[in-house]
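Examination of the molecular architecture
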Amino acid sequence: NAGVTQTPKFQVLKTGQSMTLQCAQDMNHEYMSWYRQDPGMGLRLIHYSVGAGITDQGEVPNGYNVSRSTTEDFPLRLLSAAPSQTSVYFCASSYSIPEYNEQFFGPGTRLTVL
Amino acid sequence: KQEVTQIPAALSVPEGENLVLNCSFTDSAIYNLQWFRQDPGKGLTSLLLIQSSQREQTSGRLNASLDKSSGRSTLYIAASQPGDSATYLCAVSFLGNNNDMRFGAGTRLTVKP
């Protein structure tokens, strides 16, 4: 199993550009989520999904969109990039909601917005 | 506000020493608490998961304890090795928090040979 994979590993954007961060898992996990990690702060939840076709907002959802058309994939879209979105983004998955199961994390995407 | 705090932010110890990392949280109503390890430039690796009904979990040289009433958890690492050098993150699932795990900022551990 590849586990949780993310692409790209690094990305530089200009303010106002849009892009999609890809996330896929091959463990048949129902729950998937996106976090951002900023220096000196813990990870913060952006959006999550409890299954295909179901998504919801986390702590910091503004400026991001998600969709979940399949169990395997959970892309994160930046609609109009801003310097405040410079961060490292992590995708995670678990068998069900994380209250009862450990989460598995991808290697991260380091995003810089100029 | 439901918050998770880890102190110290950084810790340096000589190889072979036993050490304790601390995590505190502001609300005792939790589902569980997890400890993760993060190597530089990498994702997070789950180390231990403690359910709210449990007091501790052990895996190899690692032992994590949970005291909900005081809002504290500790991660004990026995006989530390240079390979243990990493950032250790504590994350708490609070009741009624809509699937949102709250993370501490982490403790960066360096084990010197």
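Above: the structure in question.
To keep things clear, this report deals only with the structure shown in the data block. (Residues numbered from 1 in each chain as written. Chains lettered and ligands numbered in written order. Predicted model: local features only at pLDDT ≥ 70, side-chain atom pairs only at ≥ 80, totals over all residues. Heavy atoms only, no water.)

1. Details of the environment of G42(A)
Tracing the backbone shows G42(A) in the loop between β4 (31-37) and β5 (43-51). G42(A) sits in the buried class, given a relative accessible area of 10%. In this view, G42(A) contacts R36(A), F103(B), G104(B) and A105(B); residues no more than four positions away in its chain are not counted. (Helix = DSSP H or I, 4+ residues; strand = E, 2+ residues; numbered from the N terminus. Buried < 20%, exposed > 50% of the residue type's maximum accessible area, 1.4 Å probe, protein only. Contact = heavy atoms within 4.5 Å.)

2. Some details on the layout of surface pockets
Empty space within the largest pocket amounts to approximately 670 Å³. Lining the largest pocket are 27 residues, with Q37(A), R110(A), Q38(B), P40(B) and G41(B) positioned closest to its centre. Elements with a minimum of two residues in the lining of the largest pocket: β9 (87-94) and β11 (109-113) of chain A together with β9 (86-94) and β11 (107-112) of chain B. Counted by class, the lining of the largest pocket contains 11 nonpolar, 10 polar and 6 charged residues. Quantified by volume, the second largest pocket comes out at close to 230 Å³. Lining the second largest pocket are 14 residues, with R44(A), E59(A), E3(B), V4(B) and F103(B) positioned closest to its centre. Elements that contribute at least two residues to the lining of the second largest pocket include exactly β5 of chain A together with β10 (101-103) of chain B. Looking at the lining of the second largest pocket residue by residue, the class counts come to 5 nonpolar, 4 polar and 5 charged. (1 Å grid on protein atoms, 1.4 Å probe; cavity = no way out; pocket = protein on both sides within 12 Å on 5 of 7 lines; lining within 4 Å. Points joined across faces, edges and corners; volume = space filled by probe spheres on them. Nonpolar A, V, L, I, M, F, W, Y, C, P; charged D, E, K, R; others polar.)

By themselves, these figures tell us nothing about what the structure is for.
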